[in-house]
Amino acid sequence: MTTRKIVAGLVGSLAMLVSVMLPGVSAQAQPLPGSSAAIDRFQAPQFPDFNQLVQQFDQGNRDGAWHLRTQLVHQANILNPQFAAGLAQTIDQALEFVFPGLIAQKQQAARGPAEPMTPAPSRGPHIDTGACPADARVCVDIDGRRTWLQDGHGSVTHVASAMAPGKPGQDTPRGTFHVNRKVKDEISYEFNNAPMPYAIYFTNNGHAFHEGSPAYDSAGCVRLPNQDAITFWNHLNIGDKVFIY
């Protein structure tokens, strides 16, 4: 059965239903306003492209059916509001049978797009920041053998998985410093060209954060595992405050 015949049958059935539920209205009365126009809209326009023809035909069917449904419900409310709710329910049941999901689609379109959910604010790891000031971008707790990054406002953004400070006699200096130089592929000229990848200097005496094994203490630098060294490198800039205690 073609779509046109289905819709024509639907209109005929609904017209009969109107004559039963709405006293004084004959099934032979004037056609409901817009009904013939709505059916005519089920004729797909001719397009040279087959895919466009199919899409336009399908869209026209659904829009035409929804337009017809609106006209019938409106007419029912005018003729006899007492039976309008029951008639509207029957109309919607028939429409849902022919075009499943159309009612929900149109109702959603009328409501507009859903409000986007506001994501919860991102929070970094919660740790005891000790004596480190809120405006420091990187903190080092030598005795606790830990170091972390901050956002400059007191929130921790990253905690290194491990670290190694300077050994006794070659201690990492304590105090407030600032990042003054960054060298990604650095080597130590003082210690036989030992590699110091992702070096971030914070003194003029060669002290830096850099990649290295945290299994043993350094000659004064702060050694970090590879991924932590990369994270420090990506997030610290020249002038950032360094606090070591």
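What counts and what doesn't
- Residues numbered from 1 in each chain as written.
- Predicted model: local features only at pLDDT ≥ 70, side-chain atom pairs only at ≥ 80, totals over all residues.
- Heavy atoms only, no water.
- Pairing = 2+ DSSP bridges.
- Helix = DSSP H or I, 4+ residues; strand = E, 2+ residues; numbered from the N terminus.
- UniProt positions renumbered as here; feature names shortened; annotations may be inferred.
- Contact = heavy atoms within 4.5 Å.
- Core = buried A, V, L, I, M, F, W, Y, C linked by side-chain atoms within 4.5 Å.
- Buried < 20%, exposed > 50% of the residue type's maximum accessible area, 1.4 Å probe, protein only.
- Axes fitted to C-alpha atoms, helices over the stretch in contact; angles between N-to-C directions.
- Disulfide = S-S within 2.5 Å.
- Arc of directions from axis to C-beta.

## Examining the pairing of strand β6 (residues 194-201)
Move 1: Judged from the seven bridges that link them, strand β5 (residues 181-188) and β6 form a sheet pairing that is antiparallel. Counterpart to Glu186 in the pairing with β6 is Met196.
Move 2: Between β5 and β6, which follow one another and run antiparallel, lie five residues, and Asn192 among them has a positive phi close to 55°.
Move 3: Sheet topology places β6 next to strand β7 (residues 208-211); two bridges connect them, and they run antiparallel. By the bridge assignment for β7, Ile200 is matched with Phe209.
Move 4: Here β6 folds back onto β7 in antiparallel fashion, the turn holding six residues, of which Gly206 has a positive phi close to 90°.

## Observations concerning the UniProt feature "active site" (unreviewed entry) in the protein
Move 1: The sites that carry the UniProt feature "active site" (unreviewed entry) are, in the present numbering, His210 and Cys221.
Move 2: Relative to the elements of secondary structure, His210 occurs in strand β7.
Move 3: Those residues in contact with His210, other than ones at most four positions away along the chain, are Met196, Pro197, Tyr198, Ala199, Cys221, Val222, Arg223, Leu224 and Ala229.
Move 4: Mapping Cys221 onto the fold places it in the loop between β7 and β8 (222-224).
Move 5: Beyond its immediate stretch of four places on either side in the chain, Cys221 contacts Ala164, Pro165, Gly166, Thr172, Met196, Gly206, His207, Ala208 and His210.

## Here we look at the nonpolar core
Move 1: The biggest cluster of nonpolar side chains holds 20 residues, and the ones touching the most others in it are Val138, Ile200, Phe209, Leu224, Phe232, Val242 and Ile244.
Move 2: Of all the secondary structure elements, the ones that give two or more residues to this core are β1 (138-141), β6, β8, α6 (226-235) and β9 (241-244).
Move 3: For this core, the element with the highest residue contribution is α6, accounting for three residues.

## Looking at the sheet that holds β1
Move 1: Across the sheet, which stays open at both edges, the five strands sit in the order β3-β2-β1-β9-β4 with mixed pairing between neighbours. At either margin of the open sheet sits one strand with a lone partner, and together these are β3 (156-159) and β4 (175-178). When strand polarity is set aside, the average angle formed by the axes of neighbouring strands in this sheet is 20°.
Move 2: Alignment of β4 against β9, held across four bridges, turns out to be antiparallel. Pairing of Thr176 across the sheet is with Phe243, part of β9.

## So, the state of the cysteines
Move 1: Inspection of the entire model under this criterion finds one disulfide.
Move 2: Bridging Cys132 to Cys139, the disulfide has an S-S length of 1.8 Å. When the S-S torsion is -70°, as for the bridge of Cys132 with Cys139, the disulfide is left-handed. The pair Cys132 / Cys139 is uniform in exposure class, with both members buried.

## Let's talk about helix α5 (residues 102-111)
Move 1: If you check which residues of α5 are buried, you get Leu102, Ile103 and Lys106. Viewed along the axis of α5, the buried residues span an arc of 100°, placing them on a single side of the element.

## Observations concerning the sheet that holds β7
Move 1: Spatially, β5-β6-β7-β8 is the arrangement adopted by the four strands of the open sheet, whose pairing is mixed. Each end of this open sheet is capped by a strand with a single partner; those strands are β5 and β8. When the angles between neighbouring strand axes are averaged without regard to direction, this sheet yields 30°.
Move 2: Set on the sheet, α6 makes contact with β5, β6, β7 and β8; between it and β6 the angle comes to about 35°.

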